[in-house]
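A structural walkthrough
If you want the building blocks of each chain, they are given just below.
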Amino acid sequence: MDAFVELSAELTGFSVEELRSTGLVEQYAGLAADASPAEIIELWYTGVWRGVVPSSRAYAEGLAWKAFGGAPPGTRAPGFGSWEQRPRRSLS
């Protein structure tokens with residue numbers, strides 16, 4: 001596990017502590033056991049593994065959001081998946 005997170009830190013430019021704070025090290029280490037460096041970078045930055053988002057947390061913790069200081073759409077109140085619900089009241 002330590003080797004994976006240290007390699008990930010080297011590849012992404014984020015510290016080991018920053019990567020651990022996402023809570024995704026164990027999940028990502030399991031997914032990326034035989035991954036190329038490019039796949040590991042893509043996983044950390046986008047939260048996507050081979051075309052699939054493995055969890056809502058992976059989407060929310062993508063390093064791309066942290067790199068530019070933004071928040072992924074739908075992850076702040078009212079939350080992930082909120083775009084699927086009709087608004088409480090209309091603007092008319």
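Refer to the preceding data block for the structure.
Residues numbered from 1 in each chain as written. Predicted model: local features only at pLDDT ≥ 70, side-chain atom pairs only at ≥ 80, totals over all residues. Heavy atoms only, no water.

**Thoughts on unusual backbone geometry**
Leave glycine aside and you will find that most residues have negative phi; peptide bonds, for their part, are mostly trans. The line we're drawing: Comment: elements are numbered from the N terminus, with helices defined as DSSP H or I runs of at least four residues and strands as E runs of at least two.
Of note in this structure, Arg50 is not a glycine but carries a positive phi near 50 degrees. Checked against the element boundaries, Arg50 lands in the loop between α4 (37-46) and α5 (56-60).

**Quick look at the side chain of Ser8**
Cut-off, in case you're wondering: Burial status follows relative accessibility: with a 1.4 Å probe on protein chains alone, a residue under 20% of its type maximum counts as buried, one over 50% as exposed, and anything between as partly exposed. What makes two residues a contact is simply this: any of their non-hydrogen atoms within 4.5 Å.
Residue placement: Ser8 occurs in helix α1 (residues 2-12). A relative accessible area of 0% means that Ser8 is categorised as buried. Leave out the neighbours within four places in its chain, and Ser8 touches Leu19, Ile40 and Trp44.

**Considerations on the pattern of salt bridges**
Keep this limit in mind: Here a salt bridge means any side-chain nitrogen of Lys or Arg lying within 4 Å of a carboxyl oxygen belonging to Asp or Glu.
All told, the structure shown has four salt bridges when counted by the stated rule. Put simply, Arg20 and Asp2 hold a salt bridge, and the shortest N to O gap is 2.8 Å. Of this pair, Arg20 sits in helix α2 (residues 16-20) while Asp2 is found in helix α1, placing the two residues 18 residues apart along the sequence. Two residues, Glu39 and Arg50, come together in a salt bridge whose shortest N-O distance is 3.0 Å. Here Glu39, found in helix α4, pairs with Arg50, found in the loop between α4 and α5; they are 11 residues apart in sequence, far enough to count as distant.

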